[in-house]
There are 2 protein chains.
Amino acid sequence: MAKDKEAKQQFQLKVPKGTKDWAGTDMIIRDKIFSTITDVFKRHGATTIDTPVFELKEILSGKYGEDSKLIYDLADQGGELCSLRYDLTVPFARWLAMNASVQSIKRYHIAKVYRRDAPAMSKGRMREFYQCDFDIAGTYDPMLPDAEILRITCEIFEGLGWDGKYTIKLNHRKILDGVFEVCGVPKDKLRTISSAVDKLDKAPWDEVRREMTEEKGLDPDVADKIGGYVVRKGGKELLETLKKDEAFVANASAKQGLEDMALLFDYLDVFAVLPRISFDLSLARGLDYYTGVIYEVVTEGSAPSTSEGQKVQQRAKKEGKDKARDADEDGSSDPYVGVGSVAAGGRYDELVGMFSGKAQIPCVGISFGVDRIFSITKARTERAKGAAAVRANEVDVYVMAFGGKGFDGLLKERMEVATTLWDGGIKAEFSYKLKPKLAAQFKSAEAGGVPLAVILGADELAAGQVRVKELGLPDGHADKDGVLVAKARVVDEVRERLGRRQGASAAGVGVGVVEDEVARLSVA
Amino acid sequence: MAKDKEAKQQFQLKVPKGTKDWAGTDMIIRDKIFSTITDVFKRHGATTIDTPVFELKEILSGKYGEDSKLIYDLADQGGELCSLRYDLTVPFARWLAMNASVQSIKRYHIAKVYRRDAPAMSKGRMREFYQCDFDIAGTYDPMLPDAEILRITCEIFEGLGWDGKYTIKLNHRKILDGVFEVCGVPKDKLRTISSAVDKLDKAPWDEVRREMTEEKGLDPDVADKIGGYVVRKGGKELLETLKKDEAFVANASAKQGLEDMALLFDYLDVFAVLPRISFDLSLARGLDYYTGVIYEVVTEGSAPSTSEGQKVQQRAKKEGKDKARDADEDGSSDPYVGVGSVAAGGRYDELVGMFSGKAQIPCVGISFGVDRIFSITKARTERAKGAAAVRANEVDVYVMAFGGKGFDGLLKERMEVATTLWDGGIKAEFSYKLKPKLAAQFKSAEAGGVPLAVILGADELAAGQVRVKELGLPDGHADKDGVLVAKARVVDEVRERLGRRQGASAAGVGVGVVEDEVARLSVA
């Protein structure tokens, strides 16, 4: 201990670069997002698995192409060589390959992943961040799991209160392959042309065309043909148009893709989510392993916004570069609303086979960018109500006491009433002071946004009564002074009043509570 | 990709030594435990914080004595040197020191920690395992937070259905210091004698006395005097006895400790948890940083059990040492019920100062051994009901269809009804087959333990009706065949039936649901 005390203060007190602590209202918002998402997954029969934070190094190697350099390795302290997980998909595929008895599963996994990238909070790029993956593995009749994933996606964003303010961009790898084949893209240029197409959400066609022809040496005629396809987006009617394109339908890959999409559109219609779908021929998605439908969810806030980035830049100029970088790295600038998609995924039928050789298990999945969803939710909440609107805890009742001369604090009485409330499953707190002032107790309760007070006074207690009072009511309100109730009835009274506050939103047991919690946060 | 395919199968598919995947019913049981615990913390106004999985190496160094060799380091890949967290207490103290504006907090943190120990599943020693910490930081009137922590502890074990089958061993560092001073232990032997005393839960006094005198060179008279104190345990009456011991009370440290304990006993009485408390003068706790009350929760299963350990030993002999070690390491033996305590903690008023120099923030906390609690809960559940009793998912309704000749599977109709149920917040599933057989649908539903079926038939649908049927009812039961209800009423009917099944346990909104979930798991 003596040695520790000497060492004290000789190093900077901080978290590692690219990581952050979560606390306070941020933590509350994040937890609500997680519980909303988890709730939807469970509503669809999903279960969760939890894998170790590190995997054997060789499990991860060869899975991420040139990004493999971003993998965090553990030090070689003797024994196996391990690395921190880079995503949740490879551990899932490893788990499926190790558990041959599992031939089908709906699984979700919300956990942190690690990338030794240059951190840039302004772009939402952290070294430790959450992923939230949902995947359906198994051999089923076509497009049914795919459709359910898109339904789940909509339930999640509706549950978060986004109220239709998002779009699911949808495409199919085989349609894209068909486009490239029909237009005459040479086989060796398929990947690079595909990744050029993927930039159409950020750049105009002219720019993408220039990249294809000048940088990547594509025949300008071929590029123009591609352009004729990939700038198109729409709904089911686009599908009909493509079906009438004889040259296109003659391509086997395109034909298969169109059939899949027609079936999918039918199912999405039954699931009542068609209005959220944009069939977008420019969507390509970077990862190699997709084999079927691909999708990406965008929202207002997803478009690259530069205003926050500019603020960081300006601060950099003003305070000197290092200072600004510090501000960025410790998360204090945290302006990472406004970049990229908020969820993305697709079908990958061949990944599990990378581990298990024998058995392929077809999979389709989606990954929710929970850090981005968090930033957008937080920004919307603050814009609408101010940060104070999000409570730092969930206490429903503050038990307090008051008295005149000779007031002894009624500590044990407060403890006893709190015990009664806890026994009734009610969230309750009281002051840890022997003789707290009444004003200080009200201040604590109001600072925490606690909705109800149970107030004890010696005379009332002698009559077997306590006062239950709603906090935050305006002067002159009929219930301003609360009501005296028998001490034995305090749990019932509190439950009734909490029930009334939750009001109409508490439609179903359990669900109502979650909806109410989320309603506190989510704002259009 | 080609390279990956070559590499495939050339290494063993496994998780790193001392880690495991969580899935299936294990995951369900663990999640229920977490939600029960979290629920209690929130009921007491606690909030959670989340810190990075790795910290700067220098934050951890010098905090764990000789156990520091067990810390996992990240590889030096350029930049800061980091280590995986070893516990949740040091990151909490670091966070408090970094956030000077936080002068008080009730915080909980459930997360994995990492120790490069020799893994021994039979002793519950993993390299990656969960800790669940709850701490109250801040300057308050004496013993109030301490008492609330013990109240919370009881609510948690009651919530887990342990129904009084656990004991909180309680002591106070100052009382122990008083004992040692009054008995005449030399200052330089305080630590070592204290750790000898701590063994009294596993060894008889004679053995501990021998260690003190023969190994540690303590004067036998001093040892005997210590023996007169530390073998004593009991409740409030032991406190009264000690108060009458004039020599003891004359010691300043003992006096302070006794005053604290008297106050604490008063508070524990009001909190209605005294019956669970055993004031145990032999409890010493290993960690140096405790400064006040210390406690440890033990249960039936906590006593060191050797039967499982022996099985592992026997297997080791039979199969050769390496094989047995493998069996042990991959978790397949997993018999770690029966070792040590299930929760432990105490007051530590000086730890935060190690980081912040200026401001001390007094703290009191407890850490729940969730992996042990898991093993005990799982063993009890299996003993009582068999593993099948724990459902692998939470689906409430399986939507199915049947029909005679010309049956088209009614896929879209099943999807539509599922959509209606999801919109109503009900957990529902249906077969991903176009034309599933009725028997296969019942089999799926029953395998998942789904309580209700909504059954569609062409004739019933034409009349605007569906059949709602409870699954698993015995032949001859009045409701065996279910009831026909209007399709528009399906959500209401399902809700009613689910509500009835939850029955009397659903006392309060939300709480009832949790209680019911836990009731499925927890068995005396």
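Every value quoted in this text rests on a predicted model; they were computed, and no experiment measured them.

Asker: It is not clear to me how the overall build of chain A should be interpreted in this structure. Could you clarify?
Answerer: In terms of helices and strands, chain A carries 21 helices and 16 strands. Out of the 524 residues belonging to chain A, those deemed buried represent 56%. By sequence separation, contacts in chain A at least 24 residues apart represent 71% of the contacts at least 6 residues apart. Of the accessible surface of chain A, which amounts to about 21,800 Å², a share of 50% is contributed by carbon and sulfur atoms.

Asker: Please explain the side chain of Glu148 of chain B as it appears in this structure.
Answerer: One can find Glu148 of chain B in helix H5 (residues 144-159). Other than its neighbours up to four places away in sequence, Glu148 of chain B contacts Trp422, Phe430 and Tyr432 of chain A together with His44, Lys106 and Phe271 of chain B.

Asker: How should the pattern of salt bridges be read in this particular structure?
Answerer: Note on pairing: side chains with opposite charge can pair once their charged atoms come close. Scanning all chains against the criterion turns up 75 salt bridges over all chains. Notably, a salt bridge pairs Lys199 of chain B with Glu211 of chain B, separated by 3.0 Å at the nearest N-O pair. In this pair, Lys199 of chain B sits in the loop between helix H7 (190-197) and helix H8 (205-215) while Glu211 of chain B sits in helix H8, placing the two residues twelve residues apart along the sequence. Taking the relative accessible area as the measure of exposure, Lys199 of chain B reaches 36% and is therefore partly exposed. The buried category is assigned to Glu211 of chain B, whose relative accessible area is 10%. What you see here is one network of salt bridges that share partners, running through Glu470, Arg489, Glu493, Glu496, Arg497 and Arg501 of chain A.

Asker: Any chance you could explain the packing of aromatic side chains here in plain terms?
Answerer: Aromatic ring pairs are reported here in terms of the distance separating the ring centres and the angle at which the planes meet. In total, this model carries 42 aromatic pairs over all chains according to the counting rule given. Plain terms: the ring middles of Phe92 of chain A and Trp95 of chain A are 6.5 Å apart, the flat faces sit at 15° to each other, and that makes the pair stacked. In this pair, Phe92 of chain A and Trp95 of chain A are both assigned in helix H4 (residues 89-98), three residues apart and thus about one turn of the helix distant. An identical accessibility class is assigned to Phe92 of chain A and Trp95 of chain A; each is buried. Following the ring pairs from residue to residue traces out a cluster consisting of Phe41, Tyr108, Phe134, Phe157, Trp162, Tyr166 and Phe368 of chain A. Against the face of Tyr86 of chain B rests Arg115 of chain B, its NZ or CZ located 4.0 Å from the ring centre.

Asker: Looking at this model, I keep getting lost on the relation of the copies chain A and chain B. Mind explaining?
Answerer: The operation relating the pair of chain copies consists of a rotation about an axis and a translation along that axis. When chain A is brought onto chain B, the operation consists of a screw motion whose angular component is 180° and whose axial shift is 0.0 Å, with 0.1 Å RMSD remaining. What we have between these two chains is a two-fold relation.

Asker: Any chance you could explain H7 of chain B here in plain terms?
Answerer: Within the sequence span of H7 of chain B, burial applies to Ile193, Ser194, Ala196 and Val197 of chain B. Buried residues along H7 of chain B cover an arc of 160° about the axis, so they all sit on one side.

Asker: Would you take a moment to explain helix H10 (residues 236-243) of chain A for this structure?
Answerer: One turn of the α-helix equals 3.6 residues, which is why residues spaced by three or four share an orientation. Residues and elements named next belong to chain A. Burial in H10 covers these residues: Leu238, Leu239 and Leu242. Taken around the axis of H10, the buried residues stretch over an arc of 105°, which confines them to a single face. For H10, the secondary structure elements touched by its buried residues are helix H9 (220-230), strand S7 (233-234), helix H11 (246-249), helix H12 (252-270) and strand S8 (277-280).

Asker: Help me out: how do you make sense of the confidence of the model for chain A in this one?
Answerer: Any segment with low pLDDT has predicted coordinates that should not be analysed in fine detail. Residues and elements named next belong to chain A. Of the residues in chain A, 84% have a pLDDT of 70 or more, and the chain-wide mean is 85. Ranking the helices and strands of chain A by mean pLDDT puts strand S3 (residues 82-84) first, with 98, and helix H21 (residues 511-521) last, with 34. Scored below 50 in pLDDT, residues 1-9 makes 13 contacts in the model with residues more than four places away or belonging to other chains. Low confidence marks residues 303-338, where pLDDT is under 50. Its contacts with residues over four positions away, or in another chain, come to 46 contacts.

Asker: I would appreciate a short explanation of the interface of chain A and chain B in the present structure.
Answerer: It is common to give the size of an interface as the accessible area that goes away when the parts come together. At the interface, 103 residues of chain A touch 103 residues of chain B. Both sides together, the interface formed by chain A and chain B hides about 9,200 Å², and carbon and sulfur atoms give 62% of it. Looking only at chain A, the three residues that lose the most surface to chain B are Asp50, Trp422 and Tyr432 of chain A, adding up to 10% of its buried area. Where chain A packs against chain B, one counts 16 salt bridges. A salt bridge links Asp50 of chain A to Arg30 of chain B; the nearest nitrogen and oxygen atoms lie 2.8 Å apart. At the surface where chain A touches chain B, the tally comes to 43 residue pairs in polar contact (both at pLDDT 80 or more).

Asker: Help me understand the environment of Arg210 of chain A in this model?
Answerer: Residue and element names in this part refer to chain A. Within the secondary structure, Arg210 sits in helix H8 (residues 205-215). Look at Arg210 and you get partly exposed, because its relative accessible area is 43%. Separated by 13 residues in sequence, Arg210 and Ala223 have C-alpha atoms that sit 9.0 Å apart.

Asker: Help me understand the sheet that holds strand S12 (residues 397-402) of chain B, please; the structure alone is not making it clear to me.
Answerer: Working definition: the strands of a sheet are paired by backbone hydrogen bonds and lie parallel or antiparallel to each other. Residue and element names in this part refer to chain B. Strand order in this open sheet of five strands is S13-S12-S14-S15-S16, and the pairing throughout is mixed. Either end of the sheet is taken by a strand with one partner, and the two such strands are strand S13 (428-430) and strand S16 (483-486). The sheet shows a mean angle of 30° between the axes of neighbouring strands, direction not considered. On the sheet, helix H18 (residues 438-447) packs against S12, strand S14 (452-457) and strand S15 (465-470) and is oriented at approximately 170° with respect to S12.

Asker: It is not clear to me how the side chain of Arg116 of chain A should be interpreted in this structure. Could you clarify?
Answerer: By secondary structure assignment, the location of Arg116 of chain A is in the loop between strand S4 (105-114) and strand S5 (128-137). One polar contact links the side chain of Arg116 of chain A to the main-chain carbonyl oxygen of Gln77 of chain B, over a distance of 3.1 Å.

Asker: Explain the UniProt feature "binding site: L-histidine" (unreviewed entry) in chain A here, please?
Answerer: All names here are of chain A. UniProt records the feature "binding site: L-histidine" (unreviewed entry) at Asp87, Leu88, Thr89, Arg115, Gln131, Asp135, Arg285, Tyr289 and Tyr290, using the numbering of this structure. Relative to the helices and strands, Thr89 is located in helix H4. What makes Thr89 buried here is its relative accessible area of 10%. Thr89 has contacts with Asp133, Tyr289, Tyr348 and Leu351, leaving out every residue within four places of it along the chain. Mapped onto the elements of the fold, Tyr290 is located in the loop between S8 and strand S9 (293-299). The buried category is assigned to Tyr290, whose relative accessible area is 9%. Setting aside residues no more than four positions away along its own chain, Tyr290 makes contact with Arg173, Arg285, Gly345, Gly346, Arg347 and Tyr348.

Asker: Explain the sheet that holds strand S1 (residues 47-48) of chain A to me, please; I cannot follow it from the model alone.
Answerer: All names here are of chain A. Spatially, the nine strands line up as an open sheet ordered S1-S4-S5-S11-S10-S9-S6-S8-S7, and their pairing is mixed. The open sheet is flanked by S1 and S7, the only strands paired with a single partner. Strand contacts of helix H6 (residues 173-183): strand S6 (166-172), S8 and S9, with the helix running at about 60° to S6, the strand carrying the most contacts.

Asker: Sorry, what's going on with unusual backbone geometry here?
Answerer: Note: most peptide bonds trans; most residues except glycine with negative phi. All names here are of chain B. For Asp163, which is not glycine, the phi dihedral falls at a positive 50°. Mapped onto the secondary structure, Asp163 falls in the loop between H5 and strand S6 (166-172). Positive phi, close to 50°, is recorded for Leu410, a residue that is not glycine. Relative to the helices and strands, Leu410 resides in the loop between S12 and helix H17 (411-423). We classify Leu410 as buried; its relative accessible area is 8%.

Asker: I would appreciate a short explanation of the pairing of S4 of chain A in the present structure.
Answerer: Side-chain positions along a regular strand alternate between the two faces of the sheet. Residue and element names in this part refer to chain A. In terms of burial, S4 is a largely internal element, nine of the ten residues being buried. Alignment of S1 against S4, held across two bridges, turns out to be parallel. Within S4, the position partnered with Thr48 by the bridge is Tyr108. In the sheet, S4 pairs with S5 via ten bridges, with the strands oriented antiparallel. Within S5, the position partnered with Ile105 by the bridge is Ala137.

Asker: Explain the pairing of strand S8 (residues 277-280) of chain B to me, please; I cannot follow it from the model alone.
Answerer: Residues and elements named next belong to chain B. Both faces of S8 are covered, namely the face carrying Ile277 and Phe279 and the face carrying Ser278 and Asp280. Pairing analysis gives two bridges linking strand S7 (residues 233-234) to S8, with the strands arranged antiparallel. Bridging from a neighbouring strand, Lys233 pairs with Asp280 of S8.

Asker: Quick question: what am I supposed to make of the environment of Cys82 of chain B here?
Answerer: By secondary structure assignment, the location of Cys82 of chain B is in strand S3 (residues 82-84). Along the primary structure Cys82 of chain B and Glu58 of chain B are separated by 24 residues, whereas in three dimensions their C-alpha atoms are 8.0 Å apart. In this view, Cys82 of chain B contacts Pro16 of chain A together with Phe54, Glu55, Leu56, Lys57, Asp73 and Leu74 of chain B; residues no more than four positions away in its chain are not counted.

Asker: Help me out: how do you make sense of the packing of H7 of chain B against H8 of chain B in this one?
Answerer: Packed helices, taken two at a time, are described by their axes: the angle between them and the distance between them. Residues and elements named next belong to chain B. Orientation of H7 relative to H8, taken along the N-to-C sense of each, is 165°, at an axis distance of 9 Å. With respect to each other, H7 and H8 are oriented roughly antiparallel. In this structure, the crossing between H7 and H8 has a hand that is right-handed. Contacts between H7 and H8 involve Ile193, Ala196 and Val197 from the former and Val208, Glu211 and Met212 from the latter. For the contact of H7 with H8, a count of residues per class yields five nonpolar, no polar and one charged.

Criteria and cut-off values
- Counting of residues starts from 1 at the beginning of each chain's written sequence and follows it residue by residue.
- For this description, chains carry letters from A and ligands carry numbers from 1, given in the order in which they are written.
- With the structure being a predicted model, the display of local features is reserved for residues of pLDDT at least 70 and the display and counting of side-chain atom pairs for 80 or more, all residues being used for whole-chain, interface and lining totals.
- Hydrogens are left out, water is left out, and the side-chain values use all remaining heavy atoms of the structure.
- Think of it this way: any DSSP run of H or I at least four residues long counts as a helix, any run of E at least two long counts as a strand, and we number them from the N terminus.
- Partly exposed describes any residue whose relative accessible area lies between the buried limit of under 20% and the exposed limit of over 50%, with all areas from a 1.4 Å probe on protein chains only and scaled to the type maximum.
- Here a residue-residue contact requires only that any non-hydrogen atoms of the pair lie within 4.5 Å.
- Here the open area of atoms and residues is found with the Shrake-Rupley method and a 1.4 Å probe, where only the protein chains shown may cover a residue.
- A pair is scored as a salt bridge if a Lys or Arg side-chain nitrogen falls within 4 Å of a carboxyl oxygen belonging to Asp or Glu.
- Note on aromatic pairs: the rings of Phe, Tyr and Trp (six-membered ring only in Trp) are paired at centre separations within 6.5 Å, and the planes decide the class, stacked below 30 degrees, edge-to-face beyond 60, tilted for the rest.
- For a lysine, the NZ atom is tested; for an arginine, the CZ atom; a charge sits over a ring if that atom is within 6 Å of the ring centre and within 35 degrees of the ring normal.
- Here the copies are matched by least squares. The fit uses the C-alpha atoms of residues with pLDDT of at least 70 in both.
- What the arc covers is the set of directions going from the helix axis to the C-beta atoms.
- Each residue carries a pLDDT score, the predictor's own confidence in it, on a scale running from 0 to 100.
- Two parts lose some accessible area (1.4 Å probe) when they are put together, and adding that loss for both gives the buried area.
- Pairs of N or O atoms are called polar contacts if they sit within 3.5 Å, as long as, within protein, a hydrogen donor faces a hydrogen acceptor (for residues adjacent in sequence, only side-chain-to-side-chain pairs).
- Two strands qualify as a pair provided DSSP detects at least 2 bridges between them.
- To get an axis, fit a line to the C-alpha atoms, keeping to the stretch in contact for a helix; angles then go from 0 to 180 degrees between the N-to-C directions.
- UniProt positions are given in the numbering used here, feature names are shortened, and annotations may be inferred rather than shown by experiment.
- Oblique is the label for any angle not covered by the other classes, which are roughly parallel (under 35 degrees), roughly antiparallel (over 145) and roughly perpendicular (65 to 115).
- The handedness criterion is simple: a crossing whose near helix is rotated anticlockwise from the far helix by less than a right angle is left-handed, and one whose near helix is rotated clockwise is right-handed.
- Gly counts as polar in this scheme, as do all residues outside two lists: the nonpolar Ala, Val, Leu, Ile, Met, Phe, Trp, Tyr, Cys and Pro, and the charged Asp, Glu, Lys and Arg.

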